[in-house]
Amino acid sequence: LGEFYRERDLFQKGEPLVLRALALQKKATGEADSTYVMLQNNLALLYLGQAAYGKAEALLLQAASTHLQLPSTNKEEYARCLLSLGALYSETGMYTEAEKYFLEAIQLRKSVLGERHSDYAGALNQLAELYRKQSVYAKAEPLYLEAIAIRKAAAGESDPDYATCLNNLALL
C-alpha cells in the first residue's frame, strides 16, 4: 500500500506504511535480509519524491551496501538500488555519480535479464534521460532507440512504457 501511495505522490500516506513494514520486517528477519533492503529502497524512493535527498541517499547507500553483504545477493534487486541511486544523483545534478550507477545497473540487468527484457530497456531509458538532461544527445539517442525497440518487441505499441520511451525520444 505504501508503494501505491508513493506512485500517486501521496507521500504523507505512504511513509508511515513503509516505515511500519520496515519495522515489522526488521523484527522478523533483521536488517541483513533482501526484503528489508527492498523496503529501504521503497522508502528512499518515497523520500526522493519529497525532495528529502539526504534521507534518500543514506537509505540507498545502506541498501546497496547490505545487498553486497547478503550471501545470495539478488542481482536484480541490487540493480534496482543502483538505478534508484542513479535517479537520486540525476535529480540533484550529480551527473557523474548518476552515470556510474546507471551504467552498473545496466550491466547487471543485461547479465541477469538479457538484452530483450523490458526492465533492461527501462534502465537504458533512464541513462538516456540523464544524457538528455546534460544535452549529450549523441549518447542519448541510441539508448532511446534501443529501449524503444525492446519495449515494442516485449509488450507491443500499446504498452505505456513504450509510449514513454517514444515521448522521451521526441523531447530530444
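Keep in mind the model is a prediction, meaning the values are calculated, not measured. One numbering rule holds for all chains: residues counted from 1, following each sequence as written. Where local features are concerned, this predicted model is filtered to residues with pLDDT of at least 70; where side-chain atom pairs are given and counted, the filter is 80 or more; whole-chain, interface and lining totals use all residues. Heavy atoms throughout the structure, all of them, feed into the side-chain values; hydrogens and water do not.

It is worth spelling out the overall build of the protein chain at this point. Think of it this way: any DSSP run of H or I at least four residues long counts as a helix, any run of E at least two long counts as a strand, and we number them from the N terminus. A count of helical and extended segments in the protein chain gives nine helices and zero strands. Overall, the protein chain shows an N-to-C arrangement of helices and strands of α-α-α-α-α-α-α-α-α. In this description the radius of gyration comes from C-alpha coordinates, and the expected globular size is given by 2.2 Å times residues to the power 0.38. What you see for the protein chain is a C-alpha radius of gyration of 16 Å, in line with the 16 Å of a compact globule of 172 residues. Contacts in the protein chain between residues far apart in sequence, at least 24 positions, make up 53% of those at least 6 positions apart. Here, two residues are considered to be in contact whenever any of their heavy atoms come within 4.5 Å of each other.

Another point: the environment of L83. Relative to the assigned elements, L83 resides in helix α5 (residues 75–91). For the pair formed by L83 and L127, sequence separation is 44 residues and the distance between their alpha carbons is 9.2 Å. Excluding anything up to four places from it in sequence, L83 contacts F102, A105, R109, A123 and Q126.

Before going further, it helps to spend a moment on the environment of Q62. Structurally, the position occupied by Q62 is in helix α4 (residues 53–69). Take Q62: its relative accessible area is 35%, and that puts it in the partly exposed class. Spatially, the C-alpha atoms of Q62 and V37 are 8.4 Å apart, while their sequence positions differ by 25 residues. The residues contacting Q62, other than those within four sequence positions of it, are E31 and Q40. Relative accessible area decides the class of each residue, using a 1.4 Å probe on protein chains only: under 20% of the type maximum gives buried, over 50% gives exposed, and in between gives partly exposed.

Now for helix α7 (residues 118–133). Along an α-helix, a turn takes 3.6 residues, which lines up residues three or four apart on a common side. The terminal C-alpha atoms of α7, which comprises 16 residues, lie 22 Å apart, in line with the 22 Å expected from a rise of 1.5 Å per residue. Within the span of α7, buried status applies to Y120, A121, G122, A123, L124, N125, L127, A128, L130 and Y131. Those residues of α7 that are buried are in contact with α5, α6 (95–113), α8 (137–155) and α9 (160–171). Each residue after the first adds 1.5 Å to the expected span of a helix.

To continue, consider the pattern of salt bridges. Any carboxyl oxygen of Asp or Glu that lies within 4 Å of a side-chain nitrogen of Lys or Arg is treated as forming a salt bridge with it. One pass over the structure, following the stated rule, counts eight salt bridges. Between R80 and E77 there is a salt bridge, with the nearest N and O atoms lying 3.8 Å from each other. Pair noted here: R80 and E77 are both in helix α5, with a separation of three residues, about one helical turn.

In this section: unusual backbone geometry. A positive phi is found at A51, a non-glycine position, where the angle reads about 65°. Tracing the sequence through the fold places A51 in the loop between α3 (34–49) and α4. One non-glycine residue with positive phi stands out, namely S135, at about 65°. Along the polypeptide, S135 turns up in the loop between α7 and α8.

The residue S90 is located in helix α5 in this model. Aside from chain neighbours lying at most four places away, what touches S90 is Y95, A98, F102, L130 and K133.

Turning our attention to the side chain of Q25. Relative to the helices and strands, Q25 resides in helix α2 (residues 11–29). Leave out the neighbours within four places in its chain, and Q25 touches G30, D33, T35, Y36 and L39.

Here the focus is the nonpolar core. The tendency in soluble globular proteins is for nonpolar side chains to be buried side by side. Buried residues of nine kinds, namely Ala, Val, Leu, Ile, Met, Phe, Trp, Tyr and Cys, make up a nonpolar core once their side-chain atoms join them within 4.5 Å. In terms of nonpolar packing, the biggest core is built from 46 residues, with L124 and L127 touching the most fellow members. The element that contributes the greatest number of residues to this core is α3, accounting for nine residues. Sequence-distant contacts of L124, that is, excluding residues within four places in its chain, are made with I106, L143, E146, A147 and I150.

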